[in-house]
Amino acid sequence: MCPSQVLFVLQTKGKELKGLNREQYNELQLVKQEADYTQKLVEPCTHELVMDFQEWFKITYAVKPAKDTGSLQPAAEDTEPVSAISTPEPQLTFQQEQTTGLMLSCLDILGP
């Protein structure tokens, strides 16, 4: 091969690689745009999730805000979670319903 042919082959290969580089760069830009768009969607969801969790935590564990620092401090150590105090055991409620239903059915059988 003569030098001009080698030069032509190298120039052709360089143009091919440059075109491939442009395509890959454009694809990279599209992926970056998609990532930025997704991040903008995730941020409000994350904020809402954190706020909901904090509200749930305050309600469940009776957490009170600190006076000066603005941070949260737990209630006294001997304090039970609010959910443990305010909600009855589901199994106990179910057993009560069974007992009440059984009593009513017995009364229906015995009659007035």
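Look a little higher up for the structure.
As the structure is a prediction and not an experimental result, all values here were calculated from the model.

Caption draft 1: The overall build of the protein, seen in detail. Looking only at helices and strands, the protein has three helices and two strands in total. Reading the helices (α) and strands (β) of the protein from amino to carboxyl end gives α-β-β-α-α. When the 112 residues of the protein are sorted by exposure, 4% land in the buried category. Summing over all exposed atoms, the protein offers an accessible surface of approximately 10,400 Å²; the carbon and sulfur share of this is 62%.

Caption draft 2: View of the packing of aromatic side chains. Going through the model one piece at a time under the given rule, you end up with five aromatic pairs. Between F53 and W56, the ring centres sit 5.6 Å apart and the planes meet at 35°, which makes this aromatic pair tilted. Residue F53 and its partner W56 are located together in helix α1 (residues 3-61), separated by three residues, close to a single helical turn. W56 gets classed as partly exposed once you look at its relative accessible area, which sits at 44%. Measuring from ring centre to ring centre gives 6.0 Å for W56 and Y61, while their planes differ by 90°; the resulting arrangement is edge-to-face. One aromatic cluster is present, formed by F53, W56, F57 and Y61 through successive ring pairs.

The rules we used
Residues numbered from 1 in each chain as written. Predicted model: local features only at pLDDT ≥ 70, side-chain atom pairs only at ≥ 80, totals over all residues. Heavy atoms only, no water. Helix = DSSP H or I, 4+ residues; strand = E, 2+ residues; numbered from the N terminus. Buried < 20%, exposed > 50% of the residue type's maximum accessible area, 1.4 Å probe, protein only. Areas by Shrake-Rupley, 256 points an atom, 1.4 Å probe, with all protein chains shown as cover. Phe/Tyr/Trp six-rings, centres within 6.5 Å; stacked < 30°, edge-to-face > 60°.

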